[in-house]
Amino acid sequence: MASAAYYLGFDFSTQQLKVIAVNEHLHVVYEDNVQFDKDLPEFRTQGGVHVQDDKLTVTSPVLMWVKALDLILERMKTARFDFSKVKVLSGSGQQHGSVYWKVGARKTLQTLLPEQPLHTQLKLCFSVTESPVWMDSSTTAQCRHLEGYIGGAQALANITGSRAYERFTGNQIAKIYKQRPADYAHTERISLVSSFGASLFLGDYAPIDYSDGSGMNLLDISKKLWSEDCLNACAPDLQEKLGSAVPTSSILGPVSSYHVQRFGFRDDCYIAAFTGDNPASLAGMRLEEGDIAVSLGTSDTLFLWIQEPTPALEGHILCNPVQTQDYMALLCYKNGSLMREKIRDDCSPGSWEEFSKELRSSTAGNNGNLGFYFDVMEITPRAVGIHRFNENNQKVSAFPKAVEVRAIIEGQFMAKRIHAERLGYKILPQTRILATGGASCNEDILQVLSDVFNAPVYTIATTNSACLGSAYRAAHALAMQSAGSTFADFVRLAEGHKLVVTPRPGADQVYEPLLKRYMDCEALVIDESGKHVN
Ligand code: ADP
Ligand code: XUL
């Protein structure tokens, strides 16, 4: 069936740039990715990032993202992708990461030459060439200052949806202002990774959207305006450098003439605001109130659709990307896929199949053995190190392979269930878990998720839900111009969720006591990590 129109979604994630095109029936017609480590080795990243010597500062070269876009678009052109059918495009980016455009960069963006790739023309456009990303945890001093200035952690959470977190952009900006005042002064615009991606298509500075803007400790999430107090606490002239935030469903304008001339985009191809990868995933998973989404990417996240926000000292409240008056709750774990990969390589070198075999050979509940695997300082809870406990709650230094593999997977999912319930979430008989992200293709891992939560696990056709959600949002943004259909109604066209696994009989009896023990052991681990860190 020939397609009349395409909608594109891009995702600037931690380890790769991805693209998905859907047609007017919301069927995926094109999918590709550029892996930063493998496809752009000249930037020498590991897992898409540079960890600096202090181990706390984590950055990505901004030009790598630009070059990745050049590459992915060139590949589409080589594959004879028909850009002239694209009516709207949108995208997402890893949350919290920031890009610093140097004075004069706007002019360059507005006058790009179609004969040349973007990365050669934008080479000198950034006042900070290594962009801080979400894995950074170097801004504890700035966090304490911001909370102090606003009247405490809860007071800040009440305004912005979160207490101060190291990776949140306001604290990252405050650090750059303090450590590199001249570079800060020479910055004319600060983008999030998402709005930076949109700017590359718009040929101008794209605004930050409400959802991704909620991950900065700067936006008043109920007024949907920058909080003046938060801005003042972080750095001078910040309002001007950030521009105004806009609703996530906004259409920003047409694609720049650069893309029209270089790739054959139509000149009335529009750009819908880009947003954070987790909000975009909420759209891609077609999450409804009552569902839990579990994303198993570089970071593990868990998110819920909520109507009444109750910001707490754990977790984050973000503006909802598809229903402006609603919200989403988010929990983020830094030790996700990369930690699983480490244990895989220790126990079953390089092979997910072997890893799965080990998982299958061990029993639910792991005979009482529990593990905490935090290679880097975890976010929820703030703890670090590898901690193993046997069935008598005694610390042990090693587990046999199969026990180790099960301990990391069970431990990661027990943590998610405990923290979700602390946020007030109740698992009911009708609860659906929607799984996404790289590891969601692994059924053995999903079986453990289902057992620990005692709920069925569903997936969608792709593990790249942020990218897909961006393509859906692009299509919906256009549909909203003529008909007022809600996002949920609009995406009913798309392929349904697939039931992958259901809880094994007796799973809840196994995990109920184990979850209690996990909570007690977690308290010990937090205590020990505190001593280690301070
Ligand atoms: P991101 O969007 O954060 O860049 P993805 O969601 O694409 O990342 O997830 C990438 C991760 O998926 C890899 O780091 C890898 O560990 C994990 N992954 C890929 N295949 C499997 C598998 N079969 N089992 C478990 N994990 C997997
Ligand atoms: C969310 C978070 C990560 C990034 C990268 O708060 O820090 O999930 O969005 O995926």
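Residues numbered from 1 in each chain as written. Chains lettered and ligands numbered in written order. Predicted model: local features only at pLDDT ≥ 70, side-chain atom pairs only at ≥ 80, totals over all residues. Heavy atoms only, no water.

Turning our eyes to something else, we now look at the overall build of the protein. When helices and strands are counted, the protein shows 21 helices and 25 strands. The C-alpha radius of gyration computed for the protein amounts to 22 Å, which stays within 12% of the reference 24 Å derived for 534 residues, consistent with globular compactness. When its C-alpha atoms are laid out on the principal axes, the protein stretches across 65 × 55 × 45 Å. In the protein, buried positions account for 62% of the 534 residues. For the protein, the share of sequence-separated contacts (at least 6 apart) that also reach a separation of at least 24 residues comes to 72%. When the accessible area of the protein is evaluated, it comes to approximately 20300 Å², of which 50% is carbon and sulfur surface. Counting 50 positive and 60 negative side-chain charges, the protein places the averaged centre of each group 2 Å from the other. (Helix = DSSP H or I, 4+ residues; strand = E, 2+ residues; numbered from the N terminus. Rg over C-alpha atoms; globule rule 2.2 N^0.38 Å. Buried < 20%, exposed > 50% of the residue type's maximum accessible area, 1.4 Å probe, protein only. Contact = heavy atoms within 4.5 Å. Areas by Shrake-Rupley, 256 points an atom, 1.4 Å probe, with all protein chains shown as cover. Lys, Arg positive; Asp, Glu negative; His and termini not counted. Charge placed at Lys NZ, Arg CZ, Asp CG, Glu CD.)

Let us look at the site of ligand 1. Around ligand 1, the structure places 16 residues, and the nearest of them are S13, K18, T298, E341 and G438. Q16 has a polar side-chain atom sitting 3.0 Å from an oxygen atom of ligand 1. The separation between an oxygen atom of ligand 1 and a polar side-chain atom of E341 is 2.4 Å. Isolated, ligand 1 exposes 580 Å² of accessible area, and the fraction of that covered by the protein chains is 82%. For the shell around ligand 1, the secondary structure elements donating two or more residues are β2 (16-23) and α15 (337-347). By residue class, the composition of the shell around ligand 1 is 4 nonpolar, 10 polar and 2 charged. (Near = heavy atom within 4 Å. Polar contact = N/O pair within 3.5 Å; in protein donor to acceptor, adjacent residues only side chain to side chain. Nonpolar A, V, L, I, M, F, W, Y, C, P; charged D, E, K, R; others polar.)

In the numbering used here, UniProt assigns the feature "domain: Carbohydrate kinase FGGY C-terminal" (unreviewed entry) to residues 293-478. Secondary structure across residues 293-478 divides into 37% helix and 22% strand, with the first and last C-alpha atoms of the span separated by 26 Å. (UniProt positions renumbered as here; feature names shortened; annotations may be inferred.)

Spatial ordering of the open sheet is given by β18-β19-β17-β16-β23-β24-β25, a layout of 7 strands whose pairing is mixed. For this open sheet the edge positions go to β18 (316-319) and β25 (498-501), each flanked by a neighbour on one side alone. If you compare each strand with its neighbour and ignore which way they point, the axes differ by 30 degrees on average. Note: strand β23 (residues 433-436) against strand β24 (residues 457-459), 2 bridges, orientation parallel. Bridge pairing in β24 places I433 opposite V457. Relative to strand β19 (residues 327-333), helix α17 (residues 401-422) is tilted by about 145 degrees, and along the sheet it contacts β16 (292-296), β17 (300-306) and β19. (Pairing = 2+ DSSP bridges. Axes fitted to C-alpha atoms, helices over the stretch in contact; angles between N-to-C directions.)

Below, the discussion takes up the UniProt feature "domain: Carbohydrate kinase FGGY N-terminal" (unreviewed entry) in the protein. The positions UniProt marks with the feature "domain: Carbohydrate kinase FGGY N-terminal" (unreviewed entry) are residues 133-283. The span residues 133-283 shows a helical share of 50% and a strand share of 13%, and its end C-alpha atoms are spaced 23 Å apart.

What follows is about the site of ligand 2. Taken together, the neighbourhood of ligand 2 is formed by Q94, Q95, H96, W134, R167, D277, N278, S299, T301, L330 and C332. One nitrogen or oxygen atom from the side chain of H96 is found 2.7 Å from an oxygen atom belonging to ligand 2. When isolated, ligand 2 has an accessible area of 290 Å², and the protein chains bury 97% of it. Here the shell around ligand 2 is composed, by residue class, of 3 nonpolar, 6 polar and 2 charged.

Here the distance between the centres and the angle between the planes together describe a pair of aromatic rings. Under the criterion given, the structure shown has 19 aromatic pairs. Aromatic side chains W101 and F196 sit 5.8 Å apart centroid to centroid with 45 degrees between the ring planes, which places their arrangement in the tilted category. One end of the pair, W101, is in strand β7 (residues 98-102); the other, F196, is in helix α9 (residues 193-202), with 95 residues separating them in the sequence. Judged by relative accessible area, W101 falls into the buried class, the value being 0%. Take F196: its relative accessible area is 0%, and that puts it in the buried class. An aromatic cluster is defined as three or more aromatic residues linked by ring pairs; in this entry it consists of Y6, Y30, F81, F83, F263 and F265. The side chain of K241 reaches across the aromatic face of Y184, ending 4.7 Å from its centre. Taking the ring centre of Y333 as reference, the NZ or CZ of K416 above it sits at 4.6 Å. (Phe/Tyr/Trp six-rings, centres within 6.5 Å; stacked < 30°, edge-to-face > 60°. Lys NZ or Arg CZ within 6 Å of the ring centre and 35° of its normal.)

Another point: the side chain of E404. Positionally, E404 belongs in helix α17. Owing to a relative accessible area of 6%, E404 belongs among the buried residues under this scheme.

Attention now goes to the sheet that holds strand β21 (residues 385-389). Taking strand neighbours across the sheet as the criterion, the 3 strands line up as β20-β21-β22 in an open arrangement whose pairing is antiparallel. Across the chains shown, the open sheet's two edge strands, defined by having one partner strand only, are β20 (370-374) and β22 (395-396). Across 2 bridges, the pairing between β21 and β22 is antiparallel. Counted as the bridge partner of R388 is V396 from β22. Across the sheet, α17 lies against β20 and β21, angled at about 80 degrees from β20, the strand it touches most.

This brings us to the packing of helix α5 (residues 140-150) against helix α7 (residues 169-179). It is at 9 Å that the axes of α5 and α7 come closest, and there the two elements cross at 110 degrees. When the axis of α5 is compared with that of α7, the two are roughly perpendicular. Judged by the twist between their axes, the crossing of α5 over α7 is right-handed. Taking contact as the criterion, the partners of Q142, C143 and L146 in α5 are, on α7, N171, A174, K175 and K178. Grouping the constituent residues of the contact of α5 with α7 by class yields 3 nonpolar, 2 polar and 2 charged. (Parallel < 35°, antiparallel > 145°, perpendicular 65-115°, else oblique. Left-handed = near helix turned anticlockwise from the far one by under 90°.)

Now for the pattern of salt bridges. In total, this model carries 27 salt bridges according to the counting rule given. Of the charged contacts, one joins D291 and R432 as a salt bridge, the two residues approaching to 2.9 Å between their closest N and O atoms. Taken together, the residues span a long stretch of sequence, with D291 in the loop between α14 (277-284) and β16 and R432 in the loop between α17 and β23 at a distance of 141 residues. The class for D291 is buried, based on a relative accessible area of 5%. Connected through shared salt-bridge partners, D32, K38, D39 and R75 make up one network. (Salt bridge = Lys/Arg side-chain N within 4 Å of Asp/Glu carboxyl O.)

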